[in-house]
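Coordinate inspection notes
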Amino acid sequence: VSVQRLRPDGTQLVRSADRSSTVKLRLLSDSAQGTAVSMVTTVLNLPHLTRRLGTAKQPVVSNVIQATLYSGGERLDAASSGQPAAEVLLLIPHSRISGQLRQCVHLLPPPSQTAAAASSPPEFLSPSGCRVAVELSSPTVTACLCRHLSSFAVTVLPGTAWLGVETHRLWRLHSEPLRILTWICLSVSIVCLLLTSITYIVVRMQTPMADKSIATLHRVHRSLCLALMLGQALFLAAFQPLDATPIAACKLLSVLTLYALLCAFCWLLCEGLMYTHSLVIVLPRVDSAFAKVKFWHYCLASGVAPLLIVLPTAALRPEQLIQTEADASADSGGLLRPSVCWLSGDHGVSFAFIGPAMAVCLVNLCLFAVIMRRLAGTRSDAADAVGGSAATSASLRLSYLSRQMKVTATLACLLGLTWLLGLMFLFAETHLFIVAQYLFTLLNGLQGCFIFATQVCAHKRVREDWEKFLIDGRRTPGSLRRLLEQRRNARLSAPGSGSTPANKAQQGRLRQPLLPPQGQQQQQLYLPYEGDARYLVDK
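What you see is a predicted model, and the numbers here were worked out from it, not measured in a lab.

1. Digging into the overall build of the chain
When helices and strands are tallied, the chain shows 16 helices and 14 strands. The 539 residues of the chain split such that 43% are buried. In the chain, of all internal contacts separated by at least 6 residues, the share reaching a separation of at least 24 is 74%. On the chain, roughly 28,300 Å² of surface is accessible, and the fraction owed to carbon and sulfur atoms is 61%.

Structure follows, in structure tokens:
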């Protein structure tokens, strides 16, 4: 038995004599303000009692720990309003539990005479109001977080498998490498997204065949980069907050991060719709309907739609806007502390992001399959239209295959298909969970790098426009200008560059549109050759 006076802030930490059991309590009731409140804790090592309380289906594997509050010589069980008087965190030791499901339970009051006379056996234990704090649990200790005071114990469910403790043990081992990897990936991604945004602002894609749809698509690219860059920057500040970060600031940061990431997913959906419209949809009515959609329509939808999710979530579940973890330290004034300024899994609040994100990814996955099928169907038609020798046809097919692989990589990152790896977290445990964490961090943390690589580095037209912009720039250093001019002259004078009459004639032949059979809707479909590959990638 241990008796301790509560601190002025209404908390107290008590450890047993052998320091195996720990009880930390925080007072919630205002009725005891201004009076001395003491906590009485008792550890009952009574094997006969524990065997009698447990059953074959739910045996008790720990001692019974009692926690009681006294104020002014009277027992303080609940506030006058009927709300709990205190919440308590218990670290209860027990024999080693390999992988069975655990429960934190409390003892029920003695049954009445009527209930005792009933044929069904009385219930002595109940898990209501208690949950297991996995982050502080181990194979020999179970952390219980309860919203009331009573006599507590730990039970197991034989024949069940619970891998939560092992998963959290592995998570604690890999948390620091994952944290460093997250910082590196997101930092590099933010820089790449910034460079991509500058590219779309500075470099104007002006060609004789350019139309409004390509200009709109480039604006959508730029908006996606800006939204994704903002979301990743906010997540960097949110996923590991400082110890001195106020709860209100952490909640605000969580709301802003949620809004920015949902805006990014709306832009991903706009990318999928525009690519599908450009490559697949050729129906006159649908095409005319898409032609009426302006860029500001996409902006309005991507800015308003996330508010329909963020505002109700923040209003209905403000306490679940951040993730907390149990805190058993003696110097803290509470039982929980913010661990991540991001949505908690309690009451399904995390699905405010998971639901829309997975819905957008699944829709884009279907659109991706339709687009790739459409592109694959044009390969044989393109080869037949060009004609020529077998070697020329094989070379064209090889060139088409390489460009189709580039289109696949481009669409995969622009449609956000890598976010579908998040579905693994719904069932992954232990080592599979850790592998999924590394894959998710690498692929989605470097999404900005993939966009920069496919839209800037691997884009021949963008590289040429950057080259022209730097050569014509007044502030470009002379050495850099001379180097770029030498590269441009060497490229133009190289064989097969398109500067000779034969190459120009061949390119003109390949640029001829493929006309469908008579009676079908005519659509210009250009072959992925040299400069025309830009339209296949862009559209």
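2. Re the pattern of salt bridges
As enumerated under the stated definition, the model contains 4 salt bridges in all. The salt bridge involving R26 is made with E87; its shortest N-O contact spans 2.7 Å. Placement of R26 in strand β3 (residues 22-27) and of E87 in strand β7 (residues 86-93) is noted, with a sequence separation of 61 residues between them. For R26, a relative accessible area of 26% translates into the label partly exposed. With a relative accessible area of 7%, E87 lands in the buried category. Ionic contacts of the salt-bridge type, sharing partners, join the residues R26, E87 and R147 into one network.

3. Section: the state of the cysteines
Here is the idea: a disulfide is a covalent bond, and it sits between the sulfur atoms of two cysteines. All chains considered together, the criterion is met by 3 disulfides. Between C104 and C144 runs a disulfide, and the two sulfur atoms are separated by 2.0 Å. Between C104 and C144 the sulfur-sulfur dihedral comes to about -80°; the bridge is accordingly left-handed. Separated by 40 residues along the polypeptide, C104 in strand β8 (residues 101-107) and C144 in strand β11 (residues 141-146) bring together distant segments of the chain. By relative accessible area, C144 is classed as buried at 1%. For C250, the disulfide goes to C341, at an S-S distance of 1.9 Å. Measuring the twist about the S-S bond at about -115°, one finds the C250-C341 disulfide to be left-handed. On the criterion of sequence distance, the pair formed by C250 in helix α5 (residues 247-279) and C341 in the loop between β14 (336-340) and α9 (351-386) is long-range, its members being 91 residues apart. Just as C250 is buried, C341 falls in that class too. In the chain, the bonded cysteines, numbered by position in the sequence, are linked as 1-3, 2-4, 5-6.

4. Concerning the sheet that holds strand β2 (residues 11-15)
Reading across from one edge, β2-β3-β7-β11-β10 is the order of the 5 strands in this open sheet, with antiparallel pairing throughout. Since the sheet does not close on itself, it has two edges, and those belong to β2 and β10 (130-132), each with one partner. Averaged over all pairs of adjacent strands, the angle between strand axes in this sheet comes to 15°, irrespective of strand direction.

5. Side note on the pairing of β11
The element β11 is largely enclosed, with a buried count of 6 among its 6 residues. Because side chains alternate across β11, one face comprises the buried residues V141, A143 and L145, and the other comprises T142, C144 and C146, equally buried. Pairing of β10 with β11, which is carried by 3 bridges, proceeds in the antiparallel orientation. Note on β11: the bridge partner recorded for R131 is L145.

6. Observations regarding the packing of aromatic side chains
Here the structure, examined in full by the defined rule, presents 11 aromatic pairs. Consider the rings of W171 and F433, whose centres lie 6.2 Å apart with planes at 65°: the pair is edge-to-face. In this pair, W171 sits in helix α3 (residues 164-202) while F433 sits in helix α11 (residues 430-445), placing the two residues 262 residues apart along the sequence. One aromatic cluster in this structure is built from W171, W183, F235, F239, F265, W342, F353, W419, F425, F433 and F440.

7. Re the pairing of strand β4 (residues 37-44)
Of all 8 residues in β4, 6 are buried; the element is thus mostly enclosed. Relative to strand β5 (residues 64-71), β4 is paired through 8 bridges, and the arrangement is antiparallel. Looking across to β5, one finds that V40 is bridged to T68.

8. Description of the UniProt feature "transmembrane region" (unreviewed entry) in the chain
The positions that UniProt labels "transmembrane region" (unreviewed entry) are, in the present scheme, residues 180-203, 224-242, 258-283, 295-315, 349-371, 407-428 and 434-453. The distance separating the terminal C-alpha atoms of residues 349-371 is 34 Å; by composition the span is 91% helix and 0% strand. When the span residues 407-428 is considered, its composition is 36% helix and 0% strand, and the gap between its end C-alpha atoms is 31 Å.

9. Thoughts on the nonpolar core
One finds F265, W267, F353, L411 and I451 to be the most contacted residues of the largest nonpolar core, which totals 52 residues. Here the element with the most residues in this core is α5; it accounts for 12 residues. Those residues in contact with F265, other than ones at most four positions away along the chain, are F353, A357, V360, C361 and W419. Counting 24 residues, the second largest nonpolar core, distinct from the first, contains A67, C104, V134 and C144.

10. Re the side chain of S344
Note on placement: S344 falls in the loop between β14 and α9. When its relative accessible area of 8% is taken as the criterion, S344 is described as buried. Apart from residues lying up to four places away in sequence, S344 is in contact with Q320, I322, Q323, V349 and S350.

11. Looking at the packing of helix α13 (residues 460-472) against helix α14 (residues 478-493)
Packing of α13 against α14 brings their axes to within 9 Å, and their N-to-C directions diverge by 135°. Between α13 and α14, the interaxial angle falls into the category oblique. In the packing of α13 onto α14, the handedness of the crossing is left-handed. Across the interface between the two elements, E464, E467, L470 and I471 of α13 pack against R481, L484, E485, R487, R488 and R491 of α14. Classifying every residue of the contact of α13 with α14 gives 3 nonpolar, no polar and 7 charged.

Thresholds applied
- Residues numbered from 1 in each chain as written.
- Predicted model: local features only at pLDDT ≥ 70, side-chain atom pairs only at ≥ 80, totals over all residues.
- Heavy atoms only, no water.
- Helix = DSSP H or I, 4+ residues; strand = E, 2+ residues; numbered from the N terminus.
- Buried < 20%, exposed > 50% of the residue type's maximum accessible area, 1.4 Å probe, protein only.
- Contact = heavy atoms within 4.5 Å.
- Areas by Shrake-Rupley, 256 points an atom, 1.4 Å probe, with all protein chains shown as cover.
- Salt bridge = Lys/Arg side-chain N within 4 Å of Asp/Glu carboxyl O.
- Disulfide = S-S within 2.5 Å.
- Pairing = 2+ DSSP bridges.
- Axes fitted to C-alpha atoms, helices over the stretch in contact; angles between N-to-C directions.
- Phe/Tyr/Trp six-rings, centres within 6.5 Å; stacked < 30°, edge-to-face > 60°.
- UniProt positions renumbered as here; feature names shortened; annotations may be inferred.
- Core = buried A, V, L, I, M, F, W, Y, C linked by side-chain atoms within 4.5 Å.
- Parallel < 35°, antiparallel > 145°, perpendicular 65-115°, else oblique.
- Left-handed = near helix turned anticlockwise from the far one by under 90°.
- Nonpolar A, V, L, I, M, F, W, Y, C, P; charged D, E, K, R; others polar.

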